[in-house]
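Summary of the model geometry
The chain contents come next:
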Amino acid sequence: MIILIFFRRCFFYHLIKTQGLGALGSMGLLLQTASNIKELLSDLEIFTKSYAPLAQWFIRPHGDLIAIQLVVNASNLTARQQRIVTEFGPCKLFHLLQIMTNGQFKCESISFIHSDATTRQAAEQFFQAPVDFNADMNALWIRPKTLKVPIVFSNKDMHALMREKLSDPSTLELESSLANQIRIIISSLLPSGTPTVEEVARYFHCDKRTLQRHLRREHDLSFQDLLSAVRLEKAQHYLRTANMSMTQIAYLLGYSDPSNFSRAFRALVGCSVREW
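This is a predicted model, so every value here is computed, not measured.

**Looking at helix H13 (residues 258-269)**
Here H13 is twelve residues long and its end C-alpha atoms lie 16 Å apart, about the 16 Å a rise of 1.5 Å per residue gives. Inspection of H13 places Pro258, Phe261 and Phe265 among the buried residues, and these make up the whole buried set. What you see down the axis of H13 is that its buried residues fit within an arc of 50°, all on one side. Structural note: H13 exposes Arg263 and Ala267 on the side pointing more than 90 degrees away from its buried face. If you follow the buried residues of H13, they end up packed against helix H11 (223-241) and helix H12 (246-252). Positive phi appears at Gly270, one or two residues downstream of H13, with a value of about 95°.

Rendered as structure tokens:
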């Protein structure tokens, strides 16, 4: 039994490594379009107060280091549940920052308030840094120079747009919608080609039939409905605001052949791209 528990706790670190940026929602798009670590952490501290009130992040200088501190406000959780939450948060953030900086984000050390050090070896391999248990706070500890590390997906215009969106109280209610999460994933995948329902389902760790069933039951929509809607919204946005050719827009919408984009646009809108 002890061996099984130890295996599950170590597997926890392996599992996080398999997760990407796909289903992070609007908060994820905000963070990954920040200019550098400093701006990303500032956004994280501001917006988790509204979007993750049970687990908030605080960025605090401590001597020569900076603490990226996680505070879990969940008195109704058991000690074991709090341990899982407080360990998962820093792990997930570290992994995402590694992805967003092409591995340039580094920690000096990591600290956890719980005293269970059975996963120390797995944790230190994961974080590539010393890990302290029974500490005063749950935190990633970094050097001030790390704040200047650039985010590889930085996009100033998209970042400003996502900040404005997340500042709107109505966004909070919409974020939990399955359809909205799928739309976000489709949007992020379109430039690399037409997303398939199988590809999107993997972000939810289910098969395509399960995803389609929930989508139909919760929103009376199909995956194709969402794909077409996202493409149309983006096409109209690009045509209104961007000085791009039809071929460029087609590729951004995942079409390998611009003529397919033209036919789809006419079928949905009732006129050609040029006429629109």
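**A closer look at the pairing of strand S1 (residues 55-62)**
Bridge count between S1 and strand S2 (residues 65-72): eight bridges; the pairing is antiparallel. Counted as the bridge partner of Pro61 is Ile66 from S2. If you look at the hairpin formed by S1 and S2, you'll find two residues sitting between the two strands, and Gly63 has a positive phi there, around 65°.

**So, the packing of aromatic side chains**
Following the criterion strictly, the structure yields nine aromatic pairs and no others. Between the aromatic rings of Phe261 and Phe265, the centroid separation amounts to 6.0 Å while the plane-to-plane angle is 65°, which identifies the pairing as edge-to-face. Of this pair, Phe261 and Phe265 both sit in helix H13, four residues apart, roughly one helical turn. Take Phe261: its relative accessible area is 2%, and that puts it in the buried class. Accessibility expressed as a relative area gives 3% for Phe265, which makes it buried. With centroids separated by 6.2 Å and ring planes inclined at 85°, the aromatic side chains of Phe265 and Trp276 adopt a geometry described as edge-to-face. With Phe265 in helix H13 and Trp276 in the segment after H13, this residue pair connects regions lying eleven residues apart in the sequence. Trp276 sits in the partly exposed class, given a relative accessible area of 37%. Above the plane of the ring of Tyr255 lies Arg231, whose end atom (NZ or CZ) is 3.9 Å from the centre.

**Details of the side chain of Thr101**
Within the secondary structure layout, Thr101 lies in the loop between helix H4 (79-100) and strand S3 (109-111). On the basis of relative accessibility, which here comes to 2%, the residue Thr101 falls in the buried class. At a separation of 2.7 Å, a polar atom in the side chain of Thr101 contacts the main-chain carbonyl oxygen of Leu97. If we skip the residues at most four places from it in the chain, Thr101 touches Ile37, Val149, Pro150, Ile151 and Val152.

**Some thoughts on the side chain of Thr146**
Within the element layout of this structure, Thr146 appears in the loop between strand S5 (138-142) and helix H6 (156-166). For Thr146, a relative accessible area of 8% puts it in the buried group. Those residues in contact with Thr146 that lie beyond four places of it in its chain are Ile37, Phe105 and Lys106.

Thresholds, definitions, all that
Residues numbered from 1 in each chain as written. Predicted model: local features only at pLDDT ≥ 70, side-chain atom pairs only at ≥ 80, totals over all residues. Heavy atoms only, no water. Helix = DSSP H or I, 4+ residues; strand = E, 2+ residues; numbered from the N terminus. Expected span 1.5 Å × (residues − 1). Buried < 20%, exposed > 50% of the residue type's maximum accessible area, 1.4 Å probe, protein only. Arc of directions from axis to C-beta. Contact = heavy atoms within 4.5 Å. Pairing = 2+ DSSP bridges. Phe/Tyr/Trp six-rings, centres within 6.5 Å; stacked < 30°, edge-to-face > 60°. Lys NZ or Arg CZ within 6 Å of the ring centre and 35° of its normal. Polar contact = N/O pair within 3.5 Å; in protein donor to acceptor, adjacent residues only side chain to side chain.

Taken by themselves, the reported measurements are silent on function.
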